[in-house]
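Geometric and topological summary
Okay, here's what each chain looks like letter by letter:
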Protein chains: 2
Amino acid sequence: MARAWALKSRPEGTPVADNFQLLESPDAPIGDGEFRISNSWLSVDPYMRGRMNDVKSYAPPFGIGEPMTGGAVGEVTESNNAEYPVGCKVLHMEGWRDNVVADGKAPEGGMQPVKLPELGVPDQHWLSILGMPGGTAWFGLLKVAHAKEGEVVFVSAAAGAVGSTVTQIAKAKGMTVIGSAGGAEKCAWVKEIGADACIDYKAGPVLPQLRGALNELGKTGVDVYFDNVGGEHFDAALACSNERARFAICGMIDVYNDQKPQSMQYLTMIIGLRIKIEGFLYPDFAAQVPEFNADMAKMIQAGQIQGRETAMETLEKAPDAFIGLFSGANTGKMLVKL
Amino acid sequence: MARAWALKSRPEGTPVADNFQLLESPDAPIGDGEFRISNSWLSVDPYMRGRMNDVKSYAPPFGIGEPMTGGAVGEVTESNNAEYPVGCKVLHMEGWRDNVVADGKAPEGGMQPVKLPELGVPDQHWLSILGMPGGTAWFGLLKVAHAKEGEVVFVSAAAGAVGSTVTQIAKAKGMTVIGSAGGAEKCAWVKEIGADACIDYKAGPVLPQLRGALNELGKTGVDVYFDNVGGEHFDAALACSNERARFAICGMIDVYNDQKPQSMQYLTMIIGLRIKIEGFLYPDFAAQVPEFNADMAKMIQAGQIQGRETAMETLEKAPDAFIGLFSGANTGKMLVKL
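Thoughts on the overall build of chain A
Helix and strand content of chain A: nine helices and 16 strands. Since a compact globule built from 338 residues should have a radius of gyration of about 20 Å, the 20 Å found for chain A is in line with a globular shape. Expressed as lengths along the three principal axes of its C-alpha atoms, the size of chain A is roughly 65 × 45 × 35 Å. Expressed as a percentage of its 338 residues, the buried residues of chain A come to 55%. Residue pairs at least 24 apart in sequence account for 67% of intrachain contacts in chain A once pairs closer than 6 positions are excluded.

Here you go:
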């Protein structure tokens, strides 16, 4: 029996369990040139919230009653395709389900299944530090914001999949890092992975804490802001910018569920400080993935970057894992282990 | 008798006449190497509002009871300096007064008096289309936003000194232009100088009008937004952006007097559309002023760009002219004619 999660209804605000339904169908047989991937790890990511709305965006919305998609790692368990023999492990985009029949070609708007290179890292790292979240961190920090050795980087959601990778890359490259995370335990972990300071946004307003952290570190301001959350963090980063600061805007999880206006007090700083703000998406950097993989593998092997995952077990838990992203239930990358 | 305007007190919110005082002192004699400039035109500009607050910014605040500074054009009427003989006309930064003794050197943080080149244009153009506002328009549109032929440009305060120049440069370079201005009369003028459409922001909310203008012109969205006002215009531009739109942020006159937070509903568009937002200041482009002057003079001589000024007469009127900027009392560049 093949099982896959679909939307039962479109979430309004924060998604709830009742928005999802588990579809069951007999396992499809594999045809000529086809093979079956049995998934072992599924990714749930904040960007999926956008695809649950029925609006035009950079990716089409998920259909109601149709299996959702997302990053997954699995193993080939049946095969009529010599390129993908039984036992071969692949990274692909047919997540939210336990198994899928594939033909090795890229589905419309999707990507071809990629055989995992032998780097001696745990499989699930291909969904975290070596996958989309890791690439988002690396491209945003180095190719969008052009962060350089000696600069001050402020990163929100620093205990999340992307933010924790930003923190570690920045430290490996000789930058000063101030993170922000929710709760003392997460903040302690963010400092453990190298951040020079970490603000607890649940303990009080961001701006005075950010000013305090800069003072304690003897820094005048922020050179690079890596934004995963928007709202209050974005505004505080504007208020504390150095001249010619660069903002890489990767996500605004604060406002994905709640489209009410953001109250911004410091946008005028953009002018006098000549701040540059740029949005970006991981797929835009597809051509540079090999450069990212090579640099990241080097840092992992040198012990400069560690992957950390929060995994919920069994397919049944996929919606819980996804919903947990919005309350900060994860430290590091949120995954589902089948 | 030499007269100069100073701040009597720092404005709170919109400046009022009582914030200003006219200082009088006997004309200073000119010493060795010095010369007297008698001003004929003074510039008042929105950026001066920032210098009236007692806060660190890109320029130091005006002192209380000290002559303010700003762009001015004048004529040398006494001289002990062969470089600046009697009758020579100069552009300089000792505005807000009727005459000044200069030595031809740049004051701290200021600029050297520049002798007006012979381009056959009215003197006051050096404070408008060939001066700081014109340069701000040219650099922002072409060097910050990299606007190209065939693109759609949205410009706020399109009847103002900078915005009306943006409009005309963009049309001369083959772009489609949607302006925004306050009132039917200003909108008519913005169309007269070439805009394909002009929104009257006093007649209703900006966003539906911008969407309507794009529809009528058969355009999908905005490629370049030139921001002079911030707030609602900025948010509407985000909502109507094309992919990879560029925003040149030059001013936010909507919020200079009133530091209450701006309510922004569409900041998340930055991510999916990969919008690039950049603040800039005219002085950053000092090295490229000759390139700007040459290109602008060519467009003026070809009749593609016309300067328009709103001038108030006599030095007494300088504060009124300045205060009028915030209620839109000017069409084109606001000046004071002595």
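Considerations on helix α4 (residues 184-192) of chain B
All names here are of chain B. Where α4 is concerned, the buried positions are Lys186, Cys187, Trp189 and Val190. Taken end-on, α4 shows its buried residues confined to a sector of 160 degrees, consistent with a single buried face. Facing away from the buried surface of α4 by more than 90 degrees, the exposed residues are Ala184, Glu185 and Glu192. Tucked inside the fold, the buried residues of α4 contact α3 (161-172), β9 (176-181) and β10 (197-200). Following α4 by one or two positions, Gly194 has its phi on the positive side, about 125 degrees.

Overview of the packing of helix α2 (residues 132-144) of chain B against α3 of chain B
All names here are of chain B. At a closest axis distance of 8 Å, the pairing of α2 and α3 adopts a crossing angle of 50 degrees. Taken as axis vectors, α2 and α3 run oblique relative to one another. As α2 runs across α3, the sense of the crossing is right-handed. Residues Pro133, Gly134, Thr136, Ala137, Trp138, Leu141 and Leu142 of α2 lie in contact with α3, whose contacting residues are Ala161, Val162, Thr165, Val166, Ile169 and Ala170. Among the residues forming the contact of α2 with α3, the class breakdown is ten nonpolar, three polar and no charged.

Things to note about unusual backbone geometry
Most peptide bonds take the trans form, and the phi angle of most residues other than glycine is negative. Residue and element names in this part refer to chain A. Even without glycine at this site, Trp96 takes up a positive phi of about 65 degrees. Within the element layout of this structure, Trp96 appears in the loop between β5 (89-92) and β6 (99-102). Owing to a relative accessible area of 2%, Trp96 belongs among the buried residues under this scheme.

A short note on the relation of the copies chain A and chain B
With an RMSD of 0.1 Å, the operation that places chain A on chain B is a rotation of 180 degrees combined with a shift of 0.0 Å along the axis. Each copy turns onto its partner about a two-fold axis. Looking at the interface residues of chain A, 100% of them are also at the interface in chain B, so both copies use one shared face.

A word on the pattern of salt bridges
Residues and elements named next belong to chain B. In the structure shown here, the tally under the stated rule is 31 salt bridges over all chains. Between Arg36 and Glu78 there is a salt bridge, with its nearest N and O atoms 2.6 Å apart. Taken together, the positions of Arg36 in strand β3 (residues 35-43) and Glu78 in strand β4 (residues 72-79) put the pair 42 residues apart, joining distant regions of the chain. By relative accessible area, Arg36 is classed as buried at 6%.

Considering the domain arrangement of chain A
Residue and element names in this part refer to chain A. Assigned domains of chain A: these are domain 1 (2-125 + 308-337) and domain 2 (132-283). Distance between the C-alpha centres of domain 1 and domain 2: 29 Å. If you look at the interface, domain 1 gives 18 residues, while domain 2 gives 13 residues. Between the two partners, domain 1 and domain 2, sit zero salt bridges. Connecting domain 1 to domain 2 are three residue pairs in polar contact (both at pLDDT 80 or more). Classifying every residue of the side of domain 1 that touches domain 2 gives seven nonpolar, seven polar and four charged.

Criteria and cut-off values
Along every chain, residues carry numbers that run from 1 in the direction the sequence is written. For naming, the first written chain is A and the first written ligand is 1, with later ones following in the order written. The predicted nature of this model means local features are confined to residues of pLDDT at least 70 and side-chain atom pairs, given and counted, to a pLDDT of 80 or more, with totals for whole chains, interfaces and linings taken over all residues. Side-chain numbers here rest on the full set of heavy atoms in the structure, without hydrogens or water. Secondary structure follows DSSP: runs of H or I at least 4 residues long count as helices, runs of E at least 2 residues long count as strands, and numbering of each begins at the N terminus. The globule rule is 2.2 Å times the number of residues to the power 0.38, and the radius of gyration it is compared with is taken over C-alpha atoms. Here the term buried applies to any residue with accessible area under 20% of the maximum for its type, exposed to any over 50%, and partly exposed to those in between, with areas from a 1.4 Å probe on protein chains only. Residues count as neighbours in contact if any of their non-hydrogen atoms are within 4.5 Å of one another. Throughout, the arc means that of the directions going from the helix axis to the C-beta atoms. Axis angles are defined between N-to-C directions and span 0 to 180 degrees, where every axis is a line fitted to C-alpha atoms and, for a helix, only to the segment in contact. The labels follow the angle: roughly parallel below 35 degrees, roughly antiparallel above 145, roughly perpendicular from 65 to 115, and oblique for the rest. For a crossing to be left-handed, the near helix must be turned anticlockwise from the far one by less than a right angle; the clockwise case is right-handed. Residues are grouped as follows: nonpolar covers Ala, Val, Leu, Ile, Met, Phe, Trp, Tyr, Cys and Pro; charged covers Asp, Glu, Lys and Arg; every other residue, Gly included, is treated as polar. Alignment of copies: least-squares fit on C-alpha atoms of residues with pLDDT of at least 70 in both copies. The rule for a salt bridge is simple: a side-chain nitrogen of Lys or Arg has to be within 4 Å of a carboxyl oxygen of Asp or Glu. Residue ranges labeled as domains rest on an automatic or database domain assignment. Polar contacts here mean pairs of N or O atoms no more than 3.5 Å apart (in protein, one a potential hydrogen donor and the other a potential acceptor; neighbouring residues in sequence count only if both atoms are side-chain atoms).

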